[in-house]
Amino acid sequence: VKSITCVGNHNGWTVNDAAQHMTYNQAEGCWEITTELKNGFKFAMNDAWTISWGGADGNPAAYDNLSQNNGKDLDTPSGDGTYKVQLYLACEGKNRVVFTKQ
């Protein structure tokens, strides 16, 4: 993994947007970013769509079950706004994201 990008309607779906690259928080064991979000976003690896994560089972609010198998574009949990986003990657069925509205 070289980068994880938070990509979606908030940045025009620009998968290689360096301003949306998340940083790895070793102490927390997650990728994180604080950014403006709108409904419709995913997480993409290495500035490409080859591996990306969205909601499992077509659910845009599956925050505790992100899938890299054609995951659904996610919705924000509390409407448009600035969020601290923490992405925890493990394996299919255990990938999750935590949001803290700022």
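All values derive from a computational prediction rather than experimental measurement.

Colleague: Help me get a handle on the side chain of S3, residues and values and all.
Modeller: By secondary structure assignment, the location of S3 is in the segment before β1 (4-8). For S3, a relative accessible area of 8% gives the class buried. If near-sequence neighbours (up to four positions away) are discounted, S3 is found in contact with H21, A44, M45, N46 and D47.

Colleague: Give me the sheet that holds strand β3 (residues 30-37): which residues, what numbers.
Modeller: Ordered by their spatial adjacency, four strands build an open sheet running β2-β3-β7-β8, and the pairing between neighbours is antiparallel. At either margin of the open sheet sits one strand with a lone partner, and together these are β2 (23-25) and β8 (96-101). Here the average twist between neighbouring strands, direction ignored, is 30°. Sheet analysis places β3 next to strand β7 (residues 81-88), joined by seven bridges and oriented antiparallel. What sits directly across from W31, in β7, is L87.

Colleague: Give a description of the side chain of E32 that names residues and reports values.
Modeller: Relative to the helices and strands, E32 resides in strand β3. Buried within the structure, E32 lacks any salt-bridge partner; its nearest side chain of opposite charge belongs to K84, at an N-O separation of 4.1 Å. Sequence-distant contacts of E32, defined by excluding residues within four places in its chain, comprise M22, T23, N25, K84, V85 and Q86.

Criteria and thresholds
Residues numbered from 1 in each chain as written. Predicted model: local features only at pLDDT ≥ 70, side-chain atom pairs only at ≥ 80, totals over all residues. Heavy atoms only, no water. Helix = DSSP H or I, 4+ residues; strand = E, 2+ residues; numbered from the N terminus. Buried < 20%, exposed > 50% of the residue type's maximum accessible area, 1.4 Å probe, protein only. Contact = heavy atoms within 4.5 Å. Pairing = 2+ DSSP bridges. Axes fitted to C-alpha atoms, helices over the stretch in contact; angles between N-to-C directions. Lys, Arg positive; Asp, Glu negative; His and termini not counted. Salt bridge = Lys/Arg side-chain N within 4 Å of Asp/Glu carboxyl O.

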